[in-house]
Amino acid sequence: MTVLNSKIPDGPLSEKWTNHKNSLKLVSPANKKKLDIIMIGTGVAGAAAAASLGEMGYNVKVFCYQDSPRRAHSVAAQGGINAAKNYRNDNDSVYRLFYDMIKGGDFRAREANVYRDAEVSNAVIDQLVAQGVPFAREYGGDLTTRSFGGVQVSRTFYAQGQTGQQVLLGSYNALKRQEAKGTVKMYPRRQMLEIVKIDGKARGIVCRNLINGEIERYSAHAVVLASGGYGTIYFLSTLAVNSSGAAAYAAYKKGAFFANPSFIQIHPSCIPQLNDYQSKLTLMSESLRNDGRVWVPKGKGDKRHPNEISAEERDYYLERRYPAFGNLVPRDIASRAAKERCDAGFGVGETGYAVYLDFSDAIKAQGKKTIKNKYGNLFDLYNKITGEDPYTQPMKIYPAGHYTMGGLWVDYNLMTTVPGLYAIGEANFSDHGANRLGASSLMQGSCDGYFILPYTIGDYLADEINTGKISTDTTEFDLAEKEVKNKIDNLMSIKGNTSAHTFHKKLGKIMWDYCGMARNENGLLKGLEEVTKLEEEFYKDLKITGDTKTINQSLERALRLAASFEISRLLIRDALNRKESCGAHFREEYQTPEGEALRNDEDYSYVAVWEYTGDGKEPKLHKEQLVFENVKVTQRSYK
Amino acid sequence: MKLTLKIWRQRLPKEKGKFETYYIENVSRDMTFLEMMDSLNEKLIQEDKDPVAFDHDCREGICGCCSMVINGRPHGPGTEITTCQLNMKAFKDGDTIVVEPWRVKSFPVIKDLIVDRSAFEKIMAAGGFVNADVGSAPDANSIKIPKDKSDEAFDAAACIGCGACVAACKNSSAMLFVAAKVSQFALLPQGKTEGLKRAWDMVMKMDELGFGSCTNTGDCEAECPQGISLTHIARLNREFIRAGFHKAAAENK
């Protein structure tokens, strides 16, 4: 028996959201003042939601681990944010944006949620511009756009290569405005460690004050997780080094189901790993593929300088394999194609695991000034890291872990399976299927934060207006605090020989080798065994120095890593269960003769939703069947 | 490379701190400065010592967490970079490197190299926003903005809020930080309505929080990882003076 109710409204696709909004319960302005909401995380989704809810009159308590909400990792998103404005008159529409996302996600996302995102996307651009976000403009003063992977229109709004920063600062500024008005209270430098449930409902959190080590309790009528993804299981990724899925995982252990954990996006264009000391990888925006051409030498092991290799001796393999979309194929496809060429011995750079991204043709055609205007800060960033100048020689790029499509399962109202616990932005699973299209994460985070959650949460809170303040002086809070303290004491008392940093590196290697860009049954089983072994070692040999009463970054890391082990195992289990290839999930056993992902719609057209059943016990699989009423499910083709 | 590191260690905000000297070997030129600090911390953990606490997150120069003064310069040698982008190629075998937190009265040390920058948060809350209620925005293209104005607003908006400008300034002035936000909105029609109030309120808050005055020495611009120009300070001054006149005129009515 399935316990999942996705609450997708009836009616035609284009009317679902409107009808649903009209049916949602409201909370009057006077009653909103009586209601508290906890927001975990201040990226684009969290900051936008907190500011919007504060503006509506709720009391919002906002938590982040950084010293300021402006530092959340949305800040690093580069390329842009999509909307179906059709400002280019290139026949774009809400339906096309919806269709591109459904197809890009390899038909593994919910139609209704994706359509809603596309529908709301235009209002997001309006809102951001009204806030003073300085998007790129034409000389005439209008907003300009560019293209992204997997689409044939130009619908991506951008601010040079710092769109995430600008979009985040827009919502950060809105958050500051609410802080000044007193509707939002900030709690920075807090690590959320436990969700507190009372009578089955999410009623608060227990967190650690990172400055003085105090374990603190906070209560609310609803809790929202906007805590991002778990891509740092690979250790090296494009994520901030302190990002993790630990908050979402804490919710999973408290009864929130986790959906499609194995759907992780490997971004095709990152600066390749340079050495063993490296602590993170840097993204080179997908927008670069608007003008950059991807190639490797036609000859195996050709070690000549790229500028000495003539056009005839180059294999522009994306243009060769996918003439219709060329260099702008979706990320999963571009990543696998790069891996295929490198595995076959055509890769470049010292390790042979890199491909070229070449701007020489674009510079010839458009001039250096135009290219500089579009990508100047990305070129500078590349130059700073590698010491090479992309204006005069091609960039070297290679895929790296980037974004998690999987996340907490939510219904159409963005509520998890725990009443009163919501998940928005990257923390939920709902909109990107098995592969996210470029520039749609800023879009989804903003849609969730500004225009979706603020409406849907009212439907739940309308029944809470008579609840009154929730006390933190209850046995549930006592118990949660005790659990947190025990966890910390356990980690501190291991007193082994190996740092959390070293364990994290080892975990990353296992996950990348066995559950990265390509997966197979034997590898996954081996990976599962190795993660379990490493986890056992972690609890025997971890070493944390320093104390718990001042800032202790090793302890913070160990607490996150404890969750990462468990997420990794859940991820592998999910990858083992899904005996098909779709989007970013590529099982080598299931591919077409051309090496493309081979879906199995008959058996796997569902969201794999995992329920926690206790430590050391197998999680239970639930299935949310995906129904496609508005698109024809086909083999994805970008040829 | 072998290096000698003199690093500021301070366990608690109220405790007295001091420089500790560490010797570190096998530093690769390919490391970033923070990766060198990671390997120092690995060594300290092996020696049962408390690792050096420092703020860091994105490690690609955009989150603004980094807050180290290296050999006397915020974010160390090099121009338009943050500490996380600083490469060890900038140093030589045998070098002694002095690492301190931002030395600013308004940014008290929390631990080691971590400082409390909540004063910046208070300045932003004083006016660093446009009053644009969610859901009331007109169509985005109904607001036309000349490209040069929009580009200049972007240049100001690129501020990452790290505080290097304050740490570089002999007066510990936060003028470049405040100017970046005031100027961004002053250049855009969306920010005009409350423009004068914004300039006034943010400057007043900055003064109240104990930041110093600007004497146009330009160290802030030189050390800014985003290369934010002093011209934004000029624009802030203009806005502020206009705000003063308006205020005086309103009071005389």
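All values reported here derive from a predicted model rather than from experimental measurement.

Q: Even after reading the chapter, I still don't get the pairing of strand β8 (residues 215–219) of chain A, so can you show me in this structure?
A: Side chains on a regular strand alternate between the two faces of the sheet. Residue and element names in this part refer to chain A. β8 sits mainly inside the fold: 4 of its 5 residues count as buried. Of the strand pairs in this sheet, strand β7 (residues 201–209) and β8 are connected by 5 bridges, and their pairing is antiparallel. In the sheet register, Val206 faces β8, and the bridge partner there is Arg217. Between β7 and β8, which follow one another and run antiparallel, lie 5 residues, and Gly213 among them has a positive phi close to 75°.

Q: It is not clear to me how helix α6 (residues 163–181) of chain A should be interpreted in this structure. Could you clarify?
A: One turn of an α-helix holds 3.6 residues; hence residues three or four places apart share an orientation. Residues and elements named next belong to chain A. Relative to the 27 Å expected for 19 residues at 1.5 Å per residue, α6 spans 27 Å between its end C-alpha atoms, a close match to the ideal helical length. Most of α6 sits inside the fold, with 16 of its 19 residues counted as buried. Of the residues trailing α6, Gly182 is marked for its positive phi of about 90°.

Q: I would appreciate a short explanation of the nonpolar core in the present structure.
A: It is characteristic of soluble globular proteins that their nonpolar side chains tend to be buried jointly. Within the largest apolar cluster, 234 residues are counted, with the highest numbers of intra-cluster contacts made by Met39, Ile81 and Ile205 of chain A together with Phe211 of chain B. Here the element with the most residues in this core is helix α16 (residues 553–577) of chain A; it accounts for 13 residues. Residue contacts for Met39 of chain A: discarding those within four places in its chain leaves Gly46, Ala49, Ala50, Leu53, Val60, Lys61, Val62, Phe63, Val224, Ala226 and Ile424 of chain A. Counting 28 residues, the second-largest nonpolar core is a separate cluster that includes Tyr22, Val27, Leu44 and Leu86 of chain B.

Q: Quick question: what am I supposed to make of unusual backbone geometry here?
A: With the exception of glycine, most residues fall at negative phi, and the peptide bonds are largely trans. Residues and elements named next belong to chain B. You will see that His75, though not glycine, has its phi angle at about 65°, which is positive. With respect to the element layout, His75 can be found in the loop between β4 (73–74) and β5 (96–101). Residue class for His75 comes out buried when judged on its relative accessible area of 1%. If you check the backbone angles, Asp112 has positive phi at about 45° while not being a glycine. Relative to the elements of secondary structure, Asp112 occurs in the loop between β6 (109–111) and β7 (114–115).

Parameters and conventions
- Residues numbered from 1 in each chain as written.
- Chains lettered and ligands numbered in written order.
- Predicted model: local features only at pLDDT ≥ 70, side-chain atom pairs only at ≥ 80, totals over all residues.
- Heavy atoms only, no water.
- Buried < 20%, exposed > 50% of the residue type's maximum accessible area, 1.4 Å probe, protein only.
- Helix = DSSP H or I, 4+ residues; strand = E, 2+ residues; numbered from the N terminus.
- Pairing = 2+ DSSP bridges.
- Expected span 1.5 Å × (residues − 1).
- Core = buried A, V, L, I, M, F, W, Y, C linked by side-chain atoms within 4.5 Å.
- Contact = heavy atoms within 4.5 Å.

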